[in-house]
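Remarks on the overall topology
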Protein chains: 2
Amino acid sequence: MLKRTHTCGELNASHIGQTVTLNGWVDGWRDLGGLTFIDLRDRYGVTQIVFEPDDSGLQARAQELRAEWVVGVQGIVAARLPGKENPKLTTGAIEVRATALDVFNQAKTPPFDIRGVAGEANEELRLKYRFLDLRRPEQQKVLILRHRLNQTLRRVMSQHGFLEIETPILGRSTPEGARDFLVPSRIHPGAFYALPQSPQLYKQLLMVAGYDRYFQIARCFRDEDLRANRQPEFTQLDVEMSFVEFEDVLDTIELLIVELAREFAGMDLSRPLPRLDYRDAMERYGVDRPDLRFGMELHDLADLAAHTEFQVFKQALDYGYRIRGLCAPGAARYSRKDLDGLTEFVKTLGAKGLVWLKVEETGLNGPAAKFLPESIQTQLRERFQARVGDLMLIVADAEATTHQCLAALRAKLGGDLKLYDPASFHFSWVVKFPLLAWDAEEGRFVAEHHPFTMPLPEDLPLLQTDPAKVRAQAYDLVINGEEAGGGTIRCHDPAIQARIFELLGLTPDQAEEKFGFLLSALRLGAPPHGGIALGLDRLVMLFAGLTSIRDCIAFPKTAKGADLMTGAPAPVEPRQLRDLRIKTLVDPV
Amino acid sequence: MLKRTHTCGELNASHIGQTVTLNGWVDGWRDLGGLTFIDLRDRYGVTQIVFEPDDSGLQARAQELRAEWVVGVQGIVAARLPGKENPKLTTGAIEVRATALDVFNQAKTPPFDIRGVAGEANEELRLKYRFLDLRRPEQQKVLILRHRLNQTLRRVMSQHGFLEIETPILGRSTPEGARDFLVPSRIHPGAFYALPQSPQLYKQLLMVAGYDRYFQIARCFRDEDLRANRQPEFTQLDVEMSFVEFEDVLDTIELLIVELAREFAGMDLSRPLPRLDYRDAMERYGVDRPDLRFGMELHDLADLAAHTEFQVFKQALDYGYRIRGLCAPGAARYSRKDLDGLTEFVKTLGAKGLVWLKVEETGLNGPAAKFLPESIQTQLRERFQARVGDLMLIVADAEATTHQCLAALRAKLGGDLKLYDPASFHFSWVVKFPLLAWDAEEGRFVAEHHPFTMPLPEDLPLLQTDPAKVRAQAYDLVINGEEAGGGTIRCHDPAIQARIFELLGLTPDQAEEKFGFLLSALRLGAPPHGGIALGLDRLVMLFAGLTSIRDCIAFPKTAKGADLMTGAPAPVEPRQLRDLRIKTLVDPV
């Protein structure tokens, strides 16, 4: 075996004259002027190999090589002919004049061209032959970035005294949260393990156990109907610390964020990071994870609307709806077709319509303009800080719909109007989320974050009187309008935890049955503690400038949870089910 | 909240006079000479707090504190009274004279004493209250060692150009190897994911995909009947590299072993590590993972036995059995009861009996001695290199039984006779294992390591003519008689791989059905590659000087696969099973 002395990304002018051996894949080949050229590729780069006419049959063997064959080549490093250098390659100054060739493995014609730009072949084919798609240098860069990100996370956490502790994958099903993946137990027929949605309870128990500062890059699982950018298994940086309050967790995590921003976004962040109260985020941006790379805040128009005869506004006021809008700078140039498109866009999000008003030299222009008195038009412009050439967009609907539509419009227009550099980053916290949300269907509260969250001290009395108003000691990290992570200060007081379980509709017996070990731990010396979890797949996506989570994972699953390469999930042998004492109620597909 | 300025392991004489705040658990308390002493404990150490008589009620509040209460204490660092220093504590020179106390949480009386020595409370109780057992400082040291070990592994692998790449937990069931844990799919009713027994196929595909050097600290799963030191989920350092041969993998992994030995065993290892061929290991020690901290090799006696009238030997020769033995230095002092114990010991391992011969001044002494002619006795002593005072032990049985019994005897006697320092370490390789083993029950070969292993080049022709004789390019790392890991050079040649599948009893269609994606990958440009997996739980156990794997895992399971703390596995809601379209065939326990 002709074993390599160098990688395919390593050789340069300083190696000229040396005899070297390279190993790799044939990336391309061509015959030119009696010579045979091979581009040899590995993870580190591409090197040009030249086979000259010879008596030994070496060039003839090289001419048989095809794309993706795996070979070893020995040769002498030489300068390329003047004008033939390739400055785009680190090895572009040299070529290797081959003296020996070893074919390690042939390759059949690949089902798609590795060198094609990403997405050129259809995604199903690429996922089926994932081991080929993973050969693309752009894809390799993503997994190398992921490796470096993992390294940085572990280095920084360790530097700050956190211990990485592994928690079980085979755990117990918990009644709160998303749907669990279950694992039938063979030794205990009729009983099941569950795969963890997060190591939440384990990390809290580690705090009770005195480990003080814990982290883990942990695999988590949710058996949910998958949306575009969700995977049934995903990875998070899981963190928990003891003897801390709200500010301490944010402070500590910011040390990590600063490192990440420096290394992966090329930014020098100043601390503390911007913080928005949940309520303010909703009022100003209509969403709890606003993209703060640009302004375009929402404005409230209810007071002005009350002074118009515009039917849309009058009805909205009657229903107790919100009337809110935003100003799109320079978008008065939008055509009627563009505006119909925006109206369609908010209708798919549930709004009944979209009011648009172009700000022109002559005044406001739009179907609603005629219903708006002159003074209201002026006040509108002032409130929107709208200048000639801008477009005002208004939604009058139930609060949730109004916010959802305006937030989506804002995100879309921010991009369409190029209000920010898409390669830039903005990091911020959104804090003080509601503790509970009322689930009308189930007739009980559900936890907004999870059931182990501590209320804000000043809201504790509301737990008895008005639980829906209780704010949590909760925080989300927001990057470029994406929720990159979230956490809370936990409830270390068994009495408060019991009250929360009660609000969640669990009787004391049910709480004991489901979370007995946690309640028991809280009664046996639990320190104040809190933590956070950051979504690693999403961090990779953001820092790699990608839009699909699938591109950030070595072996991802489709939106239907299938691994097209291995064929998982798949039917199993009847013997396996007999061993587990279970039966499927359908014929396998 | 009285938030800490220091940890409980940090203060010493240099801090005297400073006002500090500590947080932690009450480890002990006592009233003495009008003062109240509290030992405050956290992960970092223990500090003595003194409450003096006062008017503010502070001491009275301190007197209410009980074991495992969680508190914050503010006070002034002071020198301990002369003669009251505790040199065993890093903080033993000082105490903190309390000025303020904050009780964060009370604690009920723990079900067992945290300060008790390990194993004092019964293990079931300790596992049920694992969060308390984990508070024991000795236990905390183990998980801290595990954290450091993980760090070292990742640092060294990264330094050598390996990328950590995460592979799926939700995979596909494979027909070879141990029993899989299955995960029913809700989206694909009737189909199942399987939890990986190792990332074997994924790491090979990563090599085909050109990642060149991969590692992962990976969770693996086996649904086997658990033996004492097995867990249903375990962790391994998983490694794979491309463009390598046998020696290259061993070379690279030795770089890692040298680091581990230095950091965790305090040893300067010289490379290369000792290597034993499998066949030699079996002949010299009766086992493929000998403890090489001592000698006591096995000797073959068939030629000598042929010249005796001893019935046991004659029968053994008739049956084609092996007659082998070892010499236990200084063990001629063993009583008849001791020797009966050893005989019982080998009988439980399947031997029909044990021949013992004490070497005394007057000659050999033992029931068999009278059947052994003088010259044979002399030759026996010479072969065993036995001196007066030694004990010769002989087993005459089928080869597997003979080796199993003598290997177990050797391990036991090595410890009993103190032939080595139990705190010492010995690292070695055992190499060139058989590729296949004949499974008489199934009437086919099974893979000794796994089905993707490359035969030794010189044994390739035997794949056709005598498959049982084929040796594999396989290697095990052995530390102190424990298999710490193992690996192989993989089969990158689709034709050889197809022949191996055939020997394993898979028709080409079955091979394609089960491993189609691997075979397809081998045909699309697979480089020569190989790797290894090291058992992390076992490494922690060895380096921590422990004997139970359970002590090396934060939240372990019992031998029956149960988590006594959470109660997993447990029955689930009927709705969950309906969603999955499965039914259990038993009532839940």
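What counts and how
- Residues numbered from 1 in each chain as written.
- Chains lettered and ligands numbered in written order.
- Predicted model: local features only at pLDDT ≥ 70, side-chain atom pairs only at ≥ 80, totals over all residues.
- Heavy atoms only, no water.
- Helix = DSSP H or I, 4+ residues; strand = E, 2+ residues; numbered from the N terminus.
- Buried < 20%, exposed > 50% of the residue type's maximum accessible area, 1.4 Å probe, protein only.
- Contact = heavy atoms within 4.5 Å.
- Areas by Shrake-Rupley, 256 points an atom, 1.4 Å probe, with all protein chains shown as cover.
- Lys, Arg positive; Asp, Glu negative; His and termini not counted.
- Charge placed at Lys NZ, Arg CZ, Asp CG, Glu CD.
- Pairing = 2+ DSSP bridges.
- Axes fitted to C-alpha atoms, helices over the stretch in contact; angles between N-to-C directions.
- Least-squares fit on C-alpha atoms with pLDDT ≥ 70 in both.
- Buried area = accessible area lost by both parts, 1.4 Å probe.
- Salt bridge = Lys/Arg side-chain N within 4 Å of Asp/Glu carboxyl O.
- Nonpolar A, V, L, I, M, F, W, Y, C, P; charged D, E, K, R; others polar.
- Phe/Tyr/Trp six-rings, centres within 6.5 Å; stacked < 30°, edge-to-face > 60°.
- Parallel < 35°, antiparallel > 145°, perpendicular 65-115°, else oblique.
- Left-handed = near helix turned anticlockwise from the far one by under 90°.
- Domains from an automatic or database assignment.
- Polar contact = N/O pair within 3.5 Å; in protein donor to acceptor, adjacent residues only side chain to side chain.
- Core = buried A, V, L, I, M, F, W, Y, C linked by side-chain atoms within 4.5 Å.

**Brief notes about the overall build of chain A**
In terms of regular secondary structure, chain A is built from 17 helices and 23 strands. Expressed along its principal axes, the backbone C-alpha trace of chain A runs to roughly 95 × 75 × 55 Å. Counting the 589 residues in chain A, one finds 59% classified as buried. Sequence-distant contacts, at least 24 apart, represent 67% of the contacts inside chain A between residues at least 6 apart. For chain A, the accessible area works out to roughly 24000 Å², and carbon and sulfur atoms hold 50% of it. Side chains of chain A give 71 positive and 81 negative charges; the mean places of these two sets differ by 3 Å.

**A few points about the sheet that holds strand 5 (residues 94–105) of chain B**
Residue and element names in this part refer to chain B. Strand order in the closed barrel made by the five strands is 1-2-3-5-4, with mixed pairing throughout. Pairwise comparison of adjacent strand axes, ignoring direction, gives a mean angle of 55° for this sheet. Bridge analysis of strand 4 (residues 70–79) against strand 5 gives 10 bridges, and the strand direction is antiparallel. Within the sheet, the bridge partner assigned to Ile76 lies in strand 5 and is Arg97.

**Examining the pairing of strand 16 (residues 391–397) of chain B**
Residues and elements named next belong to chain B. For strand 16, the buried fraction is high: seven of the seven residues fall into the buried class. Across seven bridges, the pairing between strand 13 (residues 322–328) and strand 16 is antiparallel. Its bridge partner being in strand 16, Leu326 is matched across the sheet by Leu393. In this sheet, strand 16 lies alongside strand 14 (residues 355–360) in antiparallel orientation, the contact comprising four bridges. Its bridge partner lying in strand 16, Lys358 is registered against Leu391.

**Some thoughts on the relation of the copies chain A and chain B**
Structural alignment of chain A on chain B gives an RMSD of 0.1 Å, achieved by rotating through 180° and translating 0.0 Å along the axis. Such a combination of turn and shift is consistent with a two-fold rotation axis. When you check the interface residues of chain A against chain B, 100% turn up at the interface there too, and the contact is symmetric in its surfaces.

**A few points about the interface of chain A and chain B**
Counting residues at the interface gives 130 residues for chain A and 130 residues for chain B. The largest per-residue losses of area from chain A upon contact with chain B belong to Glu166, Phe243 and Leu524 of chain A, which jointly make up 7% of the total buried on that side. For Arg154 of chain A, the salt bridge is made with Glu164 of chain B, and the minimal N-O distance between the two is 3.5 Å. No other element matches the 10 residues that helix 4 (residues 137–159) of chain A contributes to the side of chain A that touches chain B. Its residues placed into classes, the side of chain A that touches chain B shows 67 nonpolar, 30 polar and 33 charged. With three bridges joining them, strand 23 (residues 582–584) of chain A and strand 23 (residues 582–584) of chain B adopt antiparallel strand pairing. Each residue of the ladder has a partner; that of Ile582 of chain A, found in strand 23 of chain B, is Thr584 of chain B.

**A few points about the packing of aromatic side chains**
Two measures describe an aromatic ring pair: the distance that separates the ring centres and the angle between the ring planes. Residue and element names in this part refer to chain B. Counting across every chain of the model gives 38 aromatic pairs over all chains. The interplanar angle of 40° and the centroid separation of 5.2 Å between the aromatic rings of Tyr319 and Tyr321 together place this pair among those described as tilted. Taken together, a centroid distance of 5.4 Å and an interplanar angle of 40° make the contact between Phe425 and Phe543 tilted. Remark: Phe543 occurs in helix 16 (residues 536–544) and Phe425 occurs in the loop between helix 12 (399–416) and strand 17 (427–431); sequence separation between them is 118 residues.

**So, the pattern of salt bridges**
Using the criterion set out here, one finds 116 salt bridges over all chains in the structure. A salt bridge links Arg41 of chain B to Glu68 of chain B; its shortest N-O distance comes to 2.9 Å. Within this pair, whereas Arg41 of chain B is found in strand 2 (residues 35–42), its partner Glu68 of chain B is found in the loop between helix 1 (58–63) and strand 4, the two being separated by 27 residues in sequence. Grouping residues by exposure puts Arg41 of chain B and Glu68 of chain B together as buried. Because the salt bridges share partners, they merge into one network encompassing Arg126, Arg130, Asp133, Arg136, Glu138 and Asp551 of chain A.

**Quick notes on the sheet that holds strand 12 (residues 299–300) of chain B**
Residue and element names in this part refer to chain B. One open sheet holds the five strands; their spatial order is 12-13-16-14-15, and the pairing between them is antiparallel. The outermost strands of the open sheet, each flanked by one partner alone, are strand 12 and strand 15 (363–365). Its contacts with the sheet put helix 12 on strand 13 and strand 16, and the angle it makes with strand 13 is roughly 5°.

**Topic: the packing of helix 4 (residues 137–159) of chain B against helix 16 of chain B**
Residue and element names in this part refer to chain B. Look at helix 4 against helix 16: their axes get within 10 Å of each other, and the N-to-C directions meet at 120°. It follows that helix 4 is oblique to helix 16 by the angle criterion. Crossing hand, helix 4 versus helix 16: right-handed. For the pair helix 4 and helix 16, the contacting residues are Val142, Leu145, Arg146, Leu149, Asn150 and Leu153 in the first and Leu536, Asp537, Leu539, Val540, Phe543 and Ala544 in the second. In terms of residue class, the contact of helix 4 with helix 16 is built from nine nonpolar, one polar and two charged.

**Remarks on the domain arrangement of chain A**
Accessible area lost when the parts come together is the quantity often used to give the size of an interface. Along its sequence, chain A is organised into domain 1 (13–105), domain 2 (141–267 + 528–580) and domain 3 (294–419). Each of domain 2 of chain A and domain 3 of chain A was reduced to a C-alpha centroid, and the two centroids are 41 Å apart.

**Some words on helix 5 (residues 200–208) of chain A**
A large share of helix 5 of chain A lies buried, amounting to nine of its nine residues. Taken together, the buried positions of helix 5 of chain A are occupied by Gln200, Leu201, Tyr202, Lys203, Gln204, Leu205, Leu206, Met207 and Val208 of chain A. Residues of helix 5 of chain A that are buried make contact with strand 9 (213–221), strand 10 (233–242), helix 15 (508–522) and strand 22 (529–535) of chain A together with strand 1 (19–32) and helix 3 (130–133) of chain B. A positive phi of about 90° marks Gly210 of chain A, the residue just after helix 5 of chain A.

**A few points about the side chain of Ser173 of chain B**
Locating Ser173 of chain B in the fold gives a position in the loop between strand 6 (163–164) and strand 7 (182–184). Reaching out from Ser173 of chain B, the side chain makes a polar contact with the side chain of Asp180 of chain B at a distance of 2.6 Å. Contact partners of Ser173 of chain B, with chain neighbours within four places excluded, come to Val572 and Gln576 of chain A together with Asp180, Leu182 and Ala194 of chain B.

**Digging into the packing of helix 4 of chain B against helix 6 (residues 246–265) of chain B**
All names here are of chain B. Contact geometry of helix 4 with helix 6 gives a least axis separation of 10 Å together with a crossing angle of 150°. Viewed along their axes, helix 4 and helix 6 adopt a mutual orientation that is roughly antiparallel. Viewed along their axes, helix 4 and helix 6 form a crossing whose handedness is right-handed. Contact with helix 4, carried on its side by Leu145, Arg148, Leu149, Thr152, Leu153, Arg155, Val156 and Met157, involves Leu256, Glu259, Leu260, Glu263 and Phe264 of helix 6 and no other residues of that element. Of the residues contributing to the contact of helix 4 with helix 6, the split by class is eight nonpolar, one polar and four charged.

**What to know about the nonpolar core**
Membership of the largest hydrophobic core comes to 105 residues, with the highest contact counts inside it found for Phe543 of chain A together with Phe131 of chain B. Looking at this core element by element, the count peaks at 11 residues for helix 6 (residues 246–265) of chain A. Setting aside residues up to four positions removed in sequence, Phe543 of chain A forms contacts with Leu145, Leu149, Leu260, Phe264, Ala265, Phe425 and Phe427 of chain A. Within the second largest apolar cluster, 104 residues are counted, among which are Leu134 of chain A together with Leu269, Met454 and Phe515 of chain B.

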